Amino acid sequence: MELLFVKALHIVGVVSWFSGLLYIVRLFIYHVESNQRDEPARSLLHEQFTLMERRLWRVIAVPGMVVTLVLGVRLAMIFVAPLDSILDAPWLLVKIAFVVLLVVYHHVCGRIRKQLEAGTCRWTSERLRLWNELATLLLVAIVMLVVFKTLFDALWGGLALVAFGILLAVVVRVMRNRWKKPGTPAVP
């Protein structure tokens, strides 16, 4: 019973965390674009976006991350208590690596939020759109690893990582070209 309860809360944490991360970057995009408005709209929008970003961060994103990580560690302890078992599960090591990347992504978003609040953010809306895609790719990678873990172990996880890397490079290239300004050459 404890296992099902921990799993359910872990999934709720993951959903909350990703909801917060995906939405906050969208708010960042709107916030950056609002800086091109004339006064007093620019100041009013800055105040509103700062408030929305702060609340989203503190009430959804950060608690979602904490619940996800704490209960994820608990699940790992339930399923693969000895360290040897973790080393025998390459899919889990790769998942942990992706979660570490996600934590880094989370902290970069926190820094962007503080920069926007202070008015010192240098990110463009195009760059933020690309940044938003990274969270989606991490979500897909983590979910696929969890669902297909035995297949992943059987097919040498390295091949899946290479395929993920190629997919990531293609998506970044497509997104760069998609969000380029009209009349400018494509980014190589």
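Higher on the page you've got the structure.
For clarity, every value in this text was computed on a predicted model and none was experimentally measured.

A.B. asks: Before we move on, could you go through the side chain of Ser125 and cite the residues and values that matter?
C.D. replies: Take Ser125: it is sitting in helix α5 (residues 125-147). The class of Ser125 is buried, set by a relative accessible area of 8%. At 3.3 Å, the side chain of Ser125 forms a polar contact with the side chain of Glu33.

A.B. asks: Let's hear about α5: which residues, and what values?
C.D. replies: With 23 residues, α5 extends 34 Å from end C-alpha to end C-alpha; this agrees with the ideal 33 Å at 1.5 Å per step. Among the residues of α5, those classed as buried are Ser125, Leu128, Arg129, Trp131, Asn132, Ala135, Leu137, Leu138, Ala141, Ile142 and Leu145.

A.B. asks: Explain the packing of helix α1 (residues 2-34) against α5 to me, using residue names and the numbers behind them.
C.D. replies: Between α1 and α5, the shortest axis-to-axis distance is 9 Å and the interhelical angle comes to 175°. Classified by the angle their axes make, α1 and α5 are roughly antiparallel. Counted together, Phe18, Leu21, Leu22, Val25, Arg26, Phe28, Ile29, Val32 and Glu33 of α1 and Ser125, Leu128, Arg129, Trp131, Asn132, Ala135, Thr136, Leu138 and Leu139 of α5 form the full contact between these two elements. When the residues that make up the contact of α1 with α5 are grouped by side-chain class, the tally is 12 nonpolar, 3 polar and 3 charged.

A.B. asks: Describe the nonpolar core, and please don't skip the residues or the numbers.
C.D. replies: Residues Val25, Phe28, Cys109, Ile112, Leu128 and Trp131 are the most contacted members of the largest nonpolar core, which totals 33 residues. When residues of this core are traced back to their parent elements, those giving at least two are α1, α2 (41-79), α4 (90-118) and α5. Leu128 has contacts with Val25, Phe28, Ile29, Val32, Ile112 and Trp123, leaving out every residue within four places of it along the chain.

A.B. asks: Break down α4 for me, citing the residues and quoting the values.
C.D. replies: With 29 residues, α4 extends 42 Å between its outermost C-alpha atoms, agreeing within 8% with the 42 Å of an ideal straight helix rising 1.5 Å per residue. Downstream of α4 by a residue or two, Gly119 has a phi angle that is positive, lying close to 80°.

A.B. asks: An account of the environment of Trp57 is needed here, citing residue identities and associated values.
C.D. replies: Positionally, Trp57 belongs in helix α2. Here Trp57 falls in the buried class, since its relative accessible area comes to 9%. Once the C-alpha coordinates of Trp57 and Arg113 are considered, the two residues, 56 residues apart in sequence, prove to be 8.7 Å apart. Trp57 has contacts with Leu21, Ile24, Val62, Pro63, His106, Cys109, Gly110 and Arg113, leaving out every residue within four places of it along the chain.

A.B. asks: Please give an account of the packing of aromatic side chains that cites residues and values.
C.D. replies: Tallied over the entire structure, the rule returns 3 aromatic pairs. Between Trp17 and Phe18, the aromatic rings sit 6.3 Å apart at their centres with planes inclined by 45°, giving tilted as the arrangement. This pair shows no difference in class: Trp17 is buried, exactly as Phe18 is. Grouping aromatic residues by their ring pairs yields a cluster made of Tyr105, Trp123 and Trp131. Of note, Arg127 hangs over the ring of Trp123, and the distance from its end group to the ring centre comes to 3.9 Å.

A.B. asks: Could you give an account of the side chain of Thr68, naming the residues involved and the relevant values?
C.D. replies: Its location among the elements puts Thr68 in helix α2. Among the polar contacts made by the side chain of Thr68, one reaches the main-chain carbonyl oxygen of Gly13 at a distance of 3.0 Å. Among the polar contacts made by the side chain of Thr68, one reaches the main-chain carbonyl oxygen of Gly64 at a distance of 2.7 Å.

A.B. asks: Could you give an account of the packing of α1 against α4, naming the residues involved and the relevant values?
C.D. replies: Packed helix pairs are characterised by how far apart their axes lie and by the angle those axes make with each other. At a minimum axis distance of 11 Å, the contact between α1 and α4 shows a crossing angle of 40°. Note on packing geometry: the crossing formed by α1 with α4 is left-handed. Between α1 and α4, the residues in contact are His10, Trp17, Phe18, Leu21, Ile24, Val25, Phe28, His31 and Val32 and Lys95, Leu102, Val103, Tyr105, His106, Cys109, Ile112, Arg113 and Leu116, respectively. The residue makeup of the contact of α1 with α4, split by class, is 13 nonpolar, 3 polar and 2 charged.

Rules of the game
Residues numbered from 1 in each chain as written. Predicted model: local features only at pLDDT ≥ 70, side-chain atom pairs only at ≥ 80, totals over all residues. Heavy atoms only, no water. Helix = DSSP H or I, 4+ residues; strand = E, 2+ residues; numbered from the N terminus. Buried < 20%, exposed > 50% of the residue type's maximum accessible area, 1.4 Å probe, protein only. Polar contact = N/O pair within 3.5 Å; in protein donor to acceptor, adjacent residues only side chain to side chain. Expected span 1.5 Å × (residues − 1). Axes fitted to C-alpha atoms, helices over the stretch in contact; angles between N-to-C directions. Parallel < 35°, antiparallel > 145°, perpendicular 65-115°, else oblique. Contact = heavy atoms within 4.5 Å. Nonpolar A, V, L, I, M, F, W, Y, C, P; charged D, E, K, R; others polar. Core = buried A, V, L, I, M, F, W, Y, C linked by side-chain atoms within 4.5 Å. Phe/Tyr/Trp six-rings, centres within 6.5 Å; stacked < 30°, edge-to-face > 60°. Lys NZ or Arg CZ within 6 Å of the ring centre and 35° of its normal. Left-handed = near helix turned anticlockwise from the far one by under 90°.

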